[in-house]
Amino acid sequence: MRFSHKHLLGIEPLAPHEISMILDLAERYVDLNRGRAKHGDALAGLTQINMFFENSTRTQASFELAGMRLGADVMNMSMQASSIKKGETLIDTALTLNAMHPDLLVVRHPHSGAVDLLAQKVNCAVLNAGDGRHEHPTQALLDALTIRRAKGRLHRLSVAICGDIAHSRVARSNILLLGKMENRVKLIGPPTLMPAGIAEFGVEVYQDMAEGLQDVDVVMMLRLQKERMDGGFIPSEREYYHRFGLDAQKLAHAKPDAIVMHPGPMNRGVEIDGTIADDINRSVIQEQVEMGVAVRMAAMDILARNLRATPQEVLA
Ligand code: NCD
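Here the structure is a predicted model, which is why all the values come from computation and not from measurement.

(A) Representation of the overall build of the protein within the structure. Helix and strand content of the protein: 12 helices and nine strands. Whereas a compact globule of 316 residues would reach a radius of gyration of roughly 20 Å, the protein reaches 19 Å, a difference of no more than 12%. In terms of principal-axis extent, the alpha carbons of the protein reach across some 55 × 45 × 40 Å. Taken over 316 residues, the protein has a buried fraction of 55%. Carbon and sulfur atoms provide 51% of the accessible area of the protein, an area that totals close to 13,800 Å². Distance from the positive charge centre (35 side chains) to the negative charge centre (38 side chains) of the protein: 2 Å.

The structure is reproduced here in structure tokens:
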């Protein structure tokens, strides 16, 4: 079985066996990360550069840790302070970095498609750490690993994704991944936060939490992405919480053993009740963070193997 991609730009081009390949390897890294000595050498001698053009806490930290634990030389470019502020284009920045011979480039950018564009201009492997509203593949993979570990499988599950679907690259990558693995995906949110034409993705759309959450195995909440909103998408946060915020009453419609997820950062009291987020019997939010490091180790390991292989081997 081969992973036939040079980059990890999105879930869209991945085959189901490639998704499973990353998750299976990530399982091994979960064990490594839980041990006292957390070092592997899969990236020894390689240079990883993290370029975050948009704020990030957990994604950047976990890519950094993942690279260090596998022996890479890891550098964080501070994009706030870089030449971008002086008017250099994304492509010029990429070419400058490329001349320093990195092996892995981890990029987050506010514009959809910017990471794909950059990948065409450099020689190294590029990992998309979130581009605009487009994709956030490692988030969907870490969510998948969390679900698979909690539920014992990653197929024939009923998964509700709730809230600000329209602005969410997390939702988009998860819809693609869960669909490829043959799960039932239900989207719940106000019509103003539901992208046009979303039903073509083979999902069900609901505007009512009680109805949409009926008998689901997984409840995935999303952050209200206020920074991507330029108008009145919701009447007020209080009204939004009342209708779409996850509280015990709404959660009671899901299966009794349903798990609660959130990619973070959370707006407590807006999309989720704080006590549910902290309920260790229901919430797997901390586990998601843990899986994030392991999945990023696995993804970079697999891409690094392809870097070392000949082009014929990669495509075979
Ligand atoms: C998400 C993101 O940046 O897309 N967060 C994350 O990566 N953990 C979701 C969000 O910002 O709401």
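Okay, back to it.
(B) Layout of the site of the ligand. In the region of the ligand, the neighbouring residues are Arg 58, Thr 59, Arg 108, His 136, Gln 139, Arg 169, Val 170, Arg 223, Gln 225, Pro 263, Gly 264 and Pro 265. Here an oxygen atom of the ligand sits 3.0 Å away from a polar atom, N or O, in the side chain of Thr 59. Here Arg 108 contributes a side-chain N or O atom positioned 3.1 Å from an oxygen atom of the ligand. Look at the ligand: alone it shows 310 Å² of surface, and the protein chains cover 95% of it. Among the elements of the structure, helix 2 (58-69) and helix 6 (169-180) are those that each provide at least two residues to the shell around the ligand. By residue class, the composition of the shell around the ligand is three nonpolar, five polar and four charged.

(C) Geometry of the pairing of strand 2 (residues 73-77). Two strands pair when backbone bridges link them, and strand 1 (residues 47-52) and strand 2 are joined in this way by five bridges, in the parallel orientation. Looking at the pairing, Ile 49 lines up with Met 75 of strand 2. After leaving strand 1, the chain enters helix 2 and then returns to the sheet as strand 2, a path that is right-handed.

(D) Layout of the sheet that holds strand 9 (residues 259-261). Read across the open sheet, the five strands follow the order 7-6-5-8-9; overall the sheet is parallel. Unpaired on one side and paired on the other, strand 7 (204-206) and strand 9 mark the two borders of the sheet. Between one strand axis and the next, the sheet turns through 20° on average, direction left out of account. Here strand 6 (residues 184-188) runs beside strand 7; their pairing, made up of three bridges, is parallel. Directly across from Leu 187, in strand 7, lies its bridge partner Val 205. Here helix 5 (residues 137-151) sits on the sheet in contact with strand 8 (218-221) and strand 9, set at roughly 165° to strand 9.

(E) Summary view of the environment of Pro 137. Residue position: Pro 137 is located in helix 5. Judged by its relative accessible area of 0%, Pro 137 is buried. Each C-alpha atom, one on Pro 137 and one on Ile 11, is 5.4 Å from the other, the two residues being 126 residues apart in sequence. Not counting residues within four places of it along the chain, the set of residues in contact with Pro 137 comprises Leu 8, Leu 9, Gly 10, Ile 11, Asn 128 and Ser 173.

(F) Here's a closer look at the nonpolar core. Counting 64 residues, the largest nonpolar core has Leu 127, Leu 141, Ile 147, Ile 161, Leu 177 and Leu 187 as its most contacted members. Tallying contributions element by element places helix 11 (residues 285-308) first for this core, with 11 residues. The residues touching Ile 147, leaving out its near neighbours within four places in the chain, are Gly 152, Arg 153, Leu 154, Leu 157, Leu 178, Val 218, Met 220, Ile 259 and Met 261. Membership of the second largest hydrophobic core comes to 25 residues, among which are Leu 213, Leu 224, Phe 244 and Ala 258.

(G) Inspection of the pairing of strand 1 at higher detail. Along strand 1, five of the six residues are buried, which leaves the element largely enclosed by surrounding structure. Looking at chain direction, strand 1 and strand 3 (residues 104-109) are connected through five bridges and run parallel. Looking at strand 3, one finds that Gln 48 is bridged to Leu 104.

(H) Representation of the sheet that holds strand 1 within the structure. Sheet architecture is open: four strands sit in the order 2-1-3-4, paired in parallel fashion. Unpaired on one side and paired on the other, strand 2 and strand 4 (125-131) mark the two borders of the sheet. Direction aside, the axes of adjacent strands within the sheet are offset by 15° on average. Strands in contact with helix 2 are strand 1, strand 2, strand 3 and strand 4; relative to strand 1, the strand with the most contacts, it is inclined by about 175°. Across the sheet, helix 3 (residues 90-98) is in contact with strand 1, strand 2 and strand 3; its angle to strand 1 comes to roughly 165°.

(I) Looking closely at the confidence of the model for the protein. Averaged over all residues, the pLDDT of the protein equals 93, while 95% of them reach at least 70. Ranking the helices and strands of the protein by mean pLDDT puts helix 5 first, with 99, and helix 12 (residues 311-315) last, with 59.

(J) Region of interest: the packing of helix 1 (residues 16-34) against helix 5. Taken N-terminus to C-terminus, the directions of helix 1 and helix 5 make an angle of 75°; their axes are 10 Å apart at the nearest point. Taken as axis vectors, helix 1 and helix 5 run roughly perpendicular relative to one another. The segment helix 1 lies against helix 5, with Ile 19, Ser 20, Ile 22, Leu 23, Asp 24, Ala 26, Glu 27, Val 30 and Arg 34 engaging Leu 141, Ala 144, Leu 145, Arg 148 and Arg 149.

Cut-offs applied
Residues numbered from 1 in each chain as written. Predicted model: local features only at pLDDT ≥ 70, side-chain atom pairs only at ≥ 80, totals over all residues. Heavy atoms only, no water. Helix = DSSP H or I, 4+ residues; strand = E, 2+ residues; numbered from the N terminus. Rg over C-alpha atoms; globule rule 2.2 N^0.38 Å. Buried < 20%, exposed > 50% of the residue type's maximum accessible area, 1.4 Å probe, protein only. Areas by Shrake-Rupley, 256 points an atom, 1.4 Å probe, with all protein chains shown as cover. Lys, Arg positive; Asp, Glu negative; His and termini not counted. Charge placed at Lys NZ, Arg CZ, Asp CG, Glu CD. Near = heavy atom within 4 Å. Polar contact = N/O pair within 3.5 Å; in protein donor to acceptor, adjacent residues only side chain to side chain. Nonpolar A, V, L, I, M, F, W, Y, C, P; charged D, E, K, R; others polar. Pairing = 2+ DSSP bridges. Right-handed = clockwise from strand over helix to strand, strands pointing away. Axes fitted to C-alpha atoms, helices over the stretch in contact; angles between N-to-C directions. Contact = heavy atoms within 4.5 Å. Core = buried A, V, L, I, M, F, W, Y, C linked by side-chain atoms within 4.5 Å. pLDDT = per-residue confidence, 0-100. Parallel < 35°, antiparallel > 145°, perpendicular 65-115°, else oblique.

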